[in-house]
Amino acid sequence: MHDRAMQALYALALQPVAETCADKRSFGFRLFRSAQNAAQYAFFCLHHPQSAPWILEGDIRGCFDNISHDWLKANIPLEQSVITQFLKAGFVFEQALYPTDKGTPQGGLISPILANMALDGIEGTLDERFPKMKVHFIRYADDFLITAPSKEVAEAIREHVRKFLAERGLELSESKTVVTHIDEGVDFLGWSFRKYQGTLLSTPSRRSVEKITESIREIIHKGAAWTQEDLIRALNPVIMGWANYHRHVVAKQTYQRLDAILWNMLWKWAKRRHSNKNHTWVARRYWHSEGTNNWVFRTDAEKLVRFADTKVRRHSMVKLDANPYLDRNYFLARKKRLRKQTPWSQTRLSLFAYCRPTFGL
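This section reports on the structure supplied with the text. Every chain is numbered independently, its residues counted from 1 as its sequence is written. In keeping with the model being predicted, local features are shown solely for residues with a pLDDT of at least 70 and side-chain atom pairs are shown and tallied solely at 80 or more, while totals for entire chains, interfaces and linings include all residues. Hydrogen atoms and water are omitted, and side-chain values are computed over all heavy atoms in the structure.

**Notes on the overall build of the protein chain**
Across its full length, the protein chain carries 15 helices and 11 strands. Principal-axis analysis of the C-alpha atoms gives the protein chain an extent of 70 × 55 × 45 Å. Whether a residue is buried, partly exposed or exposed follows from its accessible area with a 1.4 Å probe, protein chains only, as a fraction of its type maximum: under 20%, in between, or over 50%, in that order. Considering the protein chain as a whole, with its 361 residues, one finds that 47% of them fall into the buried category. The criterion used for residue contact is that any of the two residues' heavy atoms lie within 4.5 Å. For the protein chain, the share of sequence-separated contacts (at least 6 apart) that also reach a separation of at least 24 residues comes to 68%. The way it works is that DSSP assigns letters per residue, a run of H or I at least four long becomes a helix, a run of E at least two long becomes a strand, and they are numbered from the N terminus.

**Examining the sheet that holds strand S6 (residues 178-181)**
Paired strands, as defined in this entry, are two strands with at least two bridges between them according to DSSP. Across the sheet, 4 strands lie side by side as S4-S5-S1-S6; this open sheet has antiparallel pairing. Strands with a single pairing partner mark the edges of an open sheet, and in this sheet they are strand S4 (137-140) and S6. Averaged over all adjacent pairs, the angle separating strand axes in this sheet is 20°, with direction ignored. Here the axes come from fitting lines to C-alpha atoms, over the contacting stretch only for helices, and the angles between their N-to-C directions go from 0 to 180 degrees. Docked against the sheet, helix H2 (residues 35-46) engages strand S1 (54-59), S4 and strand S5 (143-148), running at close to 165° with respect to S4. Packing of helix H8 (residues 151-166) onto the sheet brings it into contact with S1, S5 and S6, and relative to S5 it is tilted by some 140°.

**Considering the environment of Glu-174**
Inspection of the secondary structure assignment puts Glu-174 in the loop between H8 and S6. Judged by relative accessible area, Glu-174 falls into the exposed class, the value being 51%. Residues Glu-174 and Ile-60, 114 residues apart in the sequence, show an inter-C-alpha distance of 9.1 Å. Not counting residues within four places of it along the chain, the set of residues in contact with Glu-174 comprises Arg-61 and Arg-162. Counted as a polar contact is a pair of N or O atoms within 3.5 Å, where, for protein atoms, one must be capable of donating a hydrogen and the other of accepting one, and residues adjacent in sequence contribute only when both atoms are in side chains. Here Arg-162 takes part through its side chain, which lies 3.0 Å from a polar atom of the side chain of Glu-174.

Put into C-alpha cells, the structure is as follows:
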C-alpha cells in the first residue's frame, strides 16, 4: 500500500505535464475525455461527402508490456531512481513475483500516464509529414484510427507510425493493423463506422452485441435457481452499463433487438422453473402491466430495465484544446451540463473526484 501511495503521488505530479504535452486527439486514460469523445471525433472526420475515405486501423502489440525502459527514463520528467523503481517493481500473481525488464507494470497507477506519454507525438509528426492531406488522427490508449485520402497514403502512414513506435520499443500488430475503405466499415472501441450510399452510420459493432448477448446468457444460466429479484439485480447493471456506453450512436434498433433477445431468454428461464404450468400462468407470475406495456419483468421490489429505455442522443464533444488544469470554468460548466443531460449516470463523472483538490469541488 505504501508503494501504491507513492506511485499515486508521483502520478498526481506527472499528470499536469502529461495533459499539457498530450496529443489533442488522444482520448484514453485522460481526465474528462472518454471513448465517446473519440467516437464523436471519428464521426466528424468521416461523415462529410468529401472526407478522406481510407482508414488505417492501428493496434499496438502488447503496448503496456513492451515500452522501452531506456526511452522512458530518457524522456519522462521524473527522478531517474524513482522511475527505475516503478518500472522494475514487477508484479505479484498467485504469490509469485514476476520481474518487468520492459514495459510498464500491469495495474500500476502511473502506467497509463507513462504509456500515453510514450505514444504522444504521433499526431504532430503526421501533421509535418502529411500536411493538408485530410490525414486525421484519433487515438484511445493503444488503439487508433488515421484517415487518408488514398490507399497509398494510408500505407505510407503505416510505415511512418511503425518507425515512430520502433524508437520506443513498440511495434504494430500485423493482424490488427489494416487499411480499410469506409464503405467496407471499420470497428473502433465497440462501434462500427460505415458509409451506406454516402451516409455515415455509427452503430454498436457486431462483436459488441455478441459479447453483451453472451454476458446476459451467462447470468441467466447462472441464475437458474435464483429468485426473480436476484436475477433482476444481476442483470440491471449490465444492461444499463452497456446501453449507456452506446447511447451516443445509432443504437435504437440494436436496443430493440437486444430487448427481444433478452425477453426470449427470460421466457425460457421462467418456463424451465415451472415446466408443468401453462403459458398464461407463467406470464402472470413474472410479467406485469405498466401503462401500455404488458410485459414488464418485475416484482414488488425490483424492475428489469430495458435497453430501449435508454434515450439515444449525440455526445457533447469536449474542446480539444481544453486543459483540465488551466480551463477550470469550462470543465465545471461541462460537468453541470452533463448532469442535466444524463441525471442517472453520475458514475461516468467519477473522474472529477480524482481532481477534487485541483478543482475545489
